[in-house]
Structures are given as C-alpha cells and as structure tokens.
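As a plain string of letters, each chain reads:
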Amino acid sequence: MKKLAVFCALALGVLTAGTQAESVLIKGGKVHTLADKGTLESADVLIVDGKVEQVAPTLNVSADRVIDASGKVVTPGVIAPISELGLVEISAASGTNDHAVTGESIGSAFNPLPAYNPKSTLIPFNRAGGVTSAVVFPAISTWDTAAVEAQRVFAGRGFAIKLNGEFDSVEAKDVAQKAYLGETGAQLAGGSRANAFAKVESALSQAREYRDNRAAIRKGDWRELDYSLADLEALQPVINGTEPLLITVNRASDILVVIELAQAFNVKLVVLGAAEGWMVANQLARAQVPVVIDAIDNLPISFSSLGARFDNAALLTKAGVKVAISGPGYASTHNVYLSRQSAGNAVAHGLPYEEALKSISSNVADIFNLDGGTLEKGATADVVVWSGDPLEVTSYPEQVLIDGEPQSLVTRSTRLRDRHLKPGKGSGFGYRH
Amino acid sequence: MQLHSRVFGRGIAALLCASLLMSACGEKKAGGEQRSLDFSRLDAFPSTYSVTQSQPVLIQDATLLTGTGEQLENTDLLLEGGKIVRIGQDLKAPEGALVVDGTGKWVTPGIIDVHSHLGDYPAPSIESSQDGNEMTSPNTAQVWAEHSVWTQDPQFPLALAGGVTTLQILPGSANLFGGRSVTLKNVPGRSVQDMKFPGAPYGLKMACGENPKRVYGGKGTSPSTRMGNVAGYRSAWIDASNYKKKWEDYVEKGGDEPERDLGLETLAGVLNGDILVHNHCYRGEEMAVMMDVADEFGFQISTFHHAVEAYKVADLLAENNVCAAMWADWWGFKHEAFDMTEANIAIVDQAKACAMIHSDSGVSVQHLNEEVAKAMTAGQRAGFDIQPKDAVTWMTLNPAKALGIEAQTGSLEKGKMADVVVWSGNPFSVYTHVDQVFIDGALMYDRFDKKRQPRSDFELGILDAEGERL
C-alpha cells in the first residue's frame, strides 16, 4: 500500500518530502549480504529512501541516523514462509481466528486478506524476534468436522505482509494458493490420498476448461462443473504459472506424485512439509521444486514422516533444492521467529551457514517472489542488527528496520516482564505501565 | 498439557523444613509418620531397572557445570559402580576404565524433563496410541500413567540423544485429577518397570483452568467454570481426608478392613506426603488459589506446570516452597497462555523460587539446553546476572527437586547417580551436540558410535527393511 501511495504520488508528479524516509548508516557490523558480495567481516550499509544504497567495507558518507554495529551482525530481515499472522490472536479463542472457513466451497477462492489485523500482538512480538515480513496463509483444521465433511483440499490464497504493524502493511496479494495432499489431504477428502489427489487434479483440469470456455460457462451454456466460478477463477493464476501452488505433503512417494501433477498442469509447485524430502531430493532438484520445511521437527509423528530427520535441510540443499525453513510447528504461528533456531539446528546437522541464513530470508523471497532477503544496492531495506550470530539461541535483534525505518522492539512480553520484574504484595503493579 | 505437583517424601520434607520457613511442613511430617499406611504402593509395579555396565569412566579435562552453581574448568570426573565417585584434577583412571578426553567439552548432569508424555502420546501419533488422558471423568485419580507407556516409542531414544536421562511421564490435563505420573530412566526397556526410576515417589497430576472446564463443561457436566474446578478439587480432598482417616483408624483401632479405592488411595498418598502434586496451572490467580487449597487440606504442591504466569506470583511460590516448570517462549494457544514473558523462568529464579524448564513436547525435549539458553538470555536482558552455571539447574537439579529425587540425581556430586552428559561444547549453543550420555555410569548414547545409539523396536525395518530409519 505504501508502495502504491508512492506510485500514485509519482504518477501525479506530487512527490513530497514527507514520503521520504530518513537515510540510515549502519556502521561496522559483520554483514551477511546473501547476495554477490557474500559476507563482509566489517562493513557499512547505507540506506536511502527505504532501499539499500550501498554496502562496502567503509563508507564515508553522512546520514540522518547512524547505527553503530561494531561487534554486531547485520542481515536481511527474517521472512516467515508460512504463518497465520494477523489472522490468529489466541488459537483457542474462536472469535480471534480468521484463518479457516468451513462451507461448500472447495476453498481455492478463499482469501483471508480482508480479515488481516495488523494490530495483532503477534506482529510486534515476531518483529522483535527479527521477522520483517511474512507470508500469511489460510489453513484447514482437520479436527473440524464441517471442514472434513466439506472435503476441501484447497485452503485458499495467501498474502504477504511487512511486520511494521501499519494499516498499509500488506506487501503483496495472492502470493500463492495452498492445498493439502498426502495424509492430511486424505483426511480432508474422505479417507484416501488418492481421492485428495483426484480432487486437485479435477479442479486444475476444470480450471483449464473454464479458462478455455469462459464465456460459454459464464452464460450457463456449458456442462455443470464441480466447482464454483469463484474457485475456478482463483485457480487461473495457478494454471497460468503466475501464482505458485503450495502443497502440503511429507511422505516421499507423495512428493513424487505432486511433482508429476505439477508437471502435467505446468504449475509452479512449492512443497510444504517434505519431512521425507531428503529421500527424493534429486527429483525435487531436477523439477526445480522448492520446499518449505520445519527443520527442527525430526519426529516420526505419522506414518507419512517416518523418515523425518535433522539433516533434511542439509541433504536437500546439497542436492540443489531451494529450501525455506519455517517456524517450528509445535510453537505455532505465535513464534514464527523461531525459524532461526531451527536454521541453527540445521547448521548443526550439516547445512552450510550461509545457506541457513538464506533459508529464512532470501530463499523465501525467491520462492514467493517478494522483496527483501538480501542486502545489495536497490534491495528493500528490511534489516536486522543482531547482538551476535543470528542463528544462535543466545543472540537477539538489537535493531530492526523495515523499509529503512527503525522499528520498536517493545512487545507485550517485555512490558509484562518490566511490570512484574520484582513481584511482590500490594496493588502497586497495577500502576506500572 | 500437564500437571505437576510436588509432594515431599519424608526425608525431603525434613530437609526442607530445616532450611525453610514452612508452617505446612510440620503438619505434613506428622502425616508422613503413618508408616503402616502404604497409599503410595511403590511395590505394586516394582522397578526392575538395573544398571548393566560396570566399567569405570574417567572424563578428563572438561568444563563442568555441576548443577550446584559451579563451573569448574579443566576438571576430571570419575564414575564408578554407577555413581559419581570423584571430581578433581589429574584423577587416575582405574584399570579397565573408559577414558573420555574432555578437552574443549562441557559436562552437565543428565537432563531431567519434569513434564513429558512420551510413551503415552507416542510417535507415530495414531488413533490407537492416544493413551495419555483418561477423559471420561473430571476425577480419574485412579489411573496410572505407567500403564499406558509404550516402551517402544521412538521418541525415547531421540530424547536421549538430546541428553535427557530422566523423565516424568504425566497423564494429560483434561481432568481435575488426571491420575498418577511415573518417573522413568531414559533407557530401553521391554516393560515400563524396566525403566522405572528406583524409589522415585509417584506424582499426582492435577489441572487448573481451561482444559477441565472445557472438556467436561462441553459435555454438560461439572466443571464448566473455574469455580467449578475448585469445588471439584475440594470435594475430592474431603473424600480423601475421610478415606485416610478411615484407614488410620483401622490401623490404630482395628475392626473391619476398609475397602480399597484406587483414586482415593492416590489422593491419600498425597495427604500422607508420599505422592507429589504436579499441577498444570497457567494463571497467577489460580496458583494462589491452589496453594490455599493445599493449605486447607494439609498437603504440599510440588510444582506448577506450564506456569506461564509464574512470574506474577514468584514471591508466593518462594514463600510456599512450590516449584514452577515453564517453557522458554510458548504462548498464545489459549487465553491462559497469553501473558507470556520470555523472562518467566529468570524472574521466578531471582525471586528464590525453584524454577525449571519443561518440554511437554517430543521436539523440544530434544533441545532443552537450547530452551534454557533462551530463557537465560531473556533473564540477562531483563538485567539479571544469570550464567550457565546457574541456568543449568533449570534442567537438572530443580526438576530433580520437583520429582523428589534430588538426593539421588540432578547434580555432579560425589555419591550421586552417574547420570552425566558430555557435550561437544557449551551446552547453551545451538551448534553444540550431545556427544555421550551416561546413565548410572553406563554409556547409553555415543554420537560417534552407531552401536551405542539405541533404537526402539518400532524403528527396525520400518522405512527400509534392511537399513536404518536414521
């Protein structure tokens, strides 16, 4: 939206000084550019108008704001590849949940964007953890009887946000479509993976039919299709290859099946889950299918993830698969920032360090075609200055910039901490704000 | 999720009474003297755990975090006969000893997870294996978690590779009284008895808050409110007090032997001081209420589990000698988990209450060192001076206290069980690996030797008929 405002201002020729952010110089940090310049042991980063202007060992320039980053580590902001930020406040409080819907639709038309709440407490919390943008997806609860009865395997469309908490913080709409195959798909489609597969296949096939016969279908001059026009419309960018299709599968054989399906329909596939991805890493690499994985989850928690292991990220990356690491599933969307802990664990199990940084930033941007993820000239200035190694559990963000603007790192968590730092008797705490 | 409770065994109660101002302690001790009343029934399903390896072990030149507040550099640790026998410099290796070069390595006591459901909610998670919560009545004090344990849960060996040597397996939190917990050594066992920590007191799981009232209120039965929860606890404790008295009268005066009641027996074991209360309780208000319930009926709560708001009442916890088991940063899944602060454990610790980490998860049980590292860092950011030598107690000695086994394990001290983890470096780093795990002096896990990495029956031939799952 901000971009839209700037665009309008430019188009109207009325660009005002007010739209220009201050310039920022981050001095002397260890800089991971995640771009051509690689890692610079000590470098300065100049930010002008919300973009990275320059990264070099020493910049003799002035700036409106100078951040001393000596002894610190500077990286692009963390990007969460999958979240429900702004759609969920308290998981077990239904009034605060907008991520899933039940009903007749197969779900591909579902777009949770109008429900997005940039004032959610999860946003400052994850921002303080170093997350500067996130992809927000709808989801389906498999324990929701209505959803299961509706046999929906498409969850709907995702969008991308910046974590500045502003009303105009939606960065991109219709970032990807999400669907469930494999074991979860089977649960949603009456008990068999094959039925879930058939549903996706027929939806894609009817989306083609709709594309090729749109006028006749809209006039009602066509056979009855199994999906609503809204759902078929929503799948158009998927079959046109402009909007990725994110499919949840974990078992190796399920992954191969979705690769084949994507190839048949020329769909840009992203595999979510891929617990057994390492077993078919070469096939994923050959098909250029990226994956979003929960790298810290090594539990054989279902018969579809018997091969779950800590070095999944390392083995996939080694085979040439583009890997994005999500926040740990057990911590839910409230703690998507913990993707950095997962990435650190992946390094402990063989993932090269810079690849791990990419897996929580630039790879995510690449997969979903978003800004950010690198520090190079022209890049969006979503930047984190860390107290130390960003993948280390004892490090934390000291400065977070989004579009070049320094962000507050105060959260409900820090305010509750400060109020109750020395708990004691009496009503005094109620007056500490 | 879970419950914890802390009940003091007689010896422990006496010890604590000596050092703490605890009015309840004296009363408790009186109850604990009822020797002839074995409500705890430790011998009903006796531990058949045994130490199988007697080779002495000498770990040389390592950095030791003792669990008693010390960090010792370039120090040797000698394990013999299943015990820690010496800590010092330049110790001599006994004949036939396994010598571990500890240069650059760190050594801690074995990790103790006070809140686990391994075996009761095993992996894979399928309909037929959900044995962790008898959700048929708000009071199922009669069930024992050990009777659900699937010993071949592959999560046990994964937790071992994370340095976990002892776990408390708790029933779930749907009920006001969920049943008995069991404390296990993290060793392969054909039976749960093969894993039972010898002599560890039983625990009773209780649960506050949203879960019981949701589960039973949702069925149109009591409790449907928090006040309904509390009425349910008190009614049950009245019954338990009567039951206990009936048995005491019988022992004292004779007559007809009273009929045994499994549920009341467990509650009476708590009143006796033999069974420890582990109380799932998120909110500060509810913890304060539960401590008053305990006072009303003369028992001691060992530990509040999932104590997301423990920081708000940390001084009360210290005053009442109640521990709190917490996560580093989980929050938001329920309203009662909304007021999370990452400094929770640190604030409780600084208020001189007994603070600890817990997992309640098959994933984070493998990384409790990282969870402690995050909590320690949050404490430092809050302005407290908390170092690894202090924070290590949150995963070792303090959970041992909560389980009533601190005389046997939980720290690197002469005479204690040789439950020891050798780390590749500082355990409070994401890059550090568990290199070796010793339980009662036996090498139960070695990162460099596949033959010393246990696998459960389930894992054999499961993904590859001939090969390994991992």
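Residues numbered from 1 in each chain as written. Chains lettered and ligands numbered in written order. Predicted model: local features only at pLDDT ≥ 70, side-chain atom pairs only at ≥ 80, totals over all residues.

Caption draft 1: Structural context of unusual backbone geometry. All names here are of chain B. Backbone torsion omega between Ala-123 and Pro-124 reads -10°, so that peptide bond is classified as cis. Structurally, the position occupied by Pro-124 is in the loop between strand 6 (111-116) and helix 3 (155-161). Geometrically, the link from Ser-222 to Pro-223 is a cis peptide bond, its omega value of 0° lying close to zero. Note that Pro-223 resides in the loop between helix 4 (210-217) and helix 5 (226-253). Here the phi dihedral of Asp-61 falls at roughly 55°; this positive angle occurs in a residue that is not glycine. With respect to the element layout, Asp-61 can be found in strand 1 (residues 57-65). In this model, His-306 sits at a positive phi of 55°, which is unusual for a non-glycine residue. Structurally, His-306 can be placed in the loop between strand 11 (301-305) and helix 8 (314-320). Taking the C-beta count within 10 Å as the criterion, His-306 has 30 such neighbours and is therefore assigned buried. (Helix = DSSP H or I, 4+ residues; strand = E, 2+ residues; numbered from the N terminus. Buried ≥ 20, exposed ≤ 12 C-beta atoms within 10 Å, placed from the backbone.)

Caption draft 2: Quick peek at the pairing of strand 9 (residues 203-207) of chain B. All names here are of chain B. Of all 5 residues in strand 9, 5 are buried; the element is thus mostly enclosed. The alternating pattern of strand 9 places Gly-203, Lys-205 and Ala-207 on one face and Leu-204 and Met-206 on the opposite face, and all of these are buried. Sheet topology note: the strand 8 (residues 177-185)/strand 9 ladder contains 4 bridges and is antiparallel. What sits directly across from Arg-180, in strand 9, is Leu-204. (Pairing = 2+ DSSP bridges.)

Caption draft 3: Geometry of the domain arrangement of chain A. Residues and elements named next belong to chain A. Considered domain by domain, chain A is made up of domain 1 (19-77 + 374-433) and domain 2 (78-371). Averaged C-alpha coordinates put domain 1 and domain 2 at centres separated by 29 Å. Between domain 1 and domain 2, the contact holds 25 residues from the first and 27 residues from the second. Contributions of two or more residues to the side of domain 1 that touches domain 2 are made by strand 5 (73-76), strand 15 (397-402) and helix 15 (412-419). Split by residue class, the side of domain 1 that touches domain 2 holds 11 nonpolar, 10 polar and 4 charged. (Domains from an automatic or database assignment. Contact = placed C-beta atoms within 7 Å. Nonpolar A, V, L, I, M, F, W, Y, C, P; charged D, E, K, R; others polar.)

Caption draft 4: Quick look at the sheet that holds strand 7 (residues 164-169) of chain B. All names here are of chain B. Judged by pairing direction, the sheet is mixed, and its 8 strands sit side by side in the order 6-7-8-9-10-11-12-13 without closing on themselves. Edge positions in the open sheet fall to strand 6 and strand 13 (355-357), since each of these has one partner strand only. In this sheet, adjacent strand axes meet at a mean angle of 25° when their direction is disregarded. Both strand 9 and strand 10 (residues 276-280) contribute to a ladder of 5 bridges, which runs parallel. Along strand 10, the bridge assignment pairs Gly-203 with Leu-276. (Axes fitted to C-alpha atoms, helices over the stretch in contact; angles between N-to-C directions.)

Caption draft 5: Representation of helix 4 of chain B. Restricting attention to buried positions, one finds in helix 4 of chain B the residues Asn-211, Pro-212, Lys-213, Val-215 and Tyr-216 of chain B. On its buried face, helix 4 of chain B is in contact with strand 9 and helix 5 of chain B.

Caption draft 6: Here's a closer look at the UniProt feature "domain: Amidohydrolase-related" (unreviewed entry) in chain B. Following the UniProt record, one finds the feature "domain: Amidohydrolase-related" (unreviewed entry) at residues 349-442 of chain B. Between the end C-alpha atoms of residues 349-442 of chain B the distance is 32 Å, and the span holds 28% helix and 15% strand. (UniProt positions renumbered as here; feature names shortened; annotations may be inferred.)

Caption draft 7: View of the sheet that holds strand 10 (residues 245-249) of chain A. Residues and elements named next belong to chain A. The 8 strands are arranged 6-7-8-9-10-11-12-13 in an open sheet whose pairing can be described as mixed. On the outer flanks of this sheet lie strand 6 (78-83) and strand 13 (323-325), each paired with one strand and no other. Adjacent strand axes in the sheet meet at a mean angle of 25°, parallel and antiparallel pairs treated alike. Sheet topology places strand 11 (residues 269-273) next to strand 12 (residues 291-293); 2 bridges connect them, and they run parallel. Within strand 12, the position partnered with Val-271 by the bridge is Val-291. With respect to the sheet, helix 11 (residues 312-319) is in contact with strand 12 and strand 13, its orientation differing from that of strand 13 by roughly 155°.

Caption draft 8: View of the environment of Phe-333 of chain B. Mapped onto the elements, Phe-333 of chain B comes out in the loop between strand 12 (323-326) and helix 9 (344-350). Along the chain, Phe-333 of chain B and Asp-419 of chain B lie 86 residues apart, while their C-alpha atoms are 35 Å from each other. With residues near it in sequence (within four places) discarded, Phe-333 of chain B still touches Ser-91, Ala-92 and Ser-332 of chain A.

Caption draft 9: The arrangement of the packing of helix 5 of chain B against helix 6 (residues 262-271) of chain B in detail. Residue and element names in this part refer to chain B. It is the contact of helix 5 with helix 6, at a shortest axis distance of 9 Å, that shows an interaxial angle of 80°. Taken together, the axis directions place helix 5 and helix 6 in an arrangement best described as roughly perpendicular. The segment helix 5 lies against helix 6, with Ala-236, Trp-237, Asp-239, Ala-240, Ser-241, Tyr-243 and Lys-244 engaging Leu-264, Leu-267, Ala-268 and Leu-271. For the contact of helix 5 with helix 6, the per-class residue count stands at 8 nonpolar, 1 polar and 2 charged. (Parallel < 35°, antiparallel > 145°, perpendicular 65-115°, else oblique.)

Caption draft 10: Broad picture of the interface of chain B and chain A. Residue-level contacts link 45 residues of chain B with 39 residues of chain A. For the side of chain B that touches chain A, the secondary-structure elements that each account for two or more residues are helix 3, helix 8 and helix 10 (368-381) of chain B. Element by element, the count of residues in the side of chain B that touches chain A is highest for helix 10 of chain B, at 5 residues. The class makeup of the residues in the side of chain B that touches chain A is 24 nonpolar, 11 polar and 10 charged.

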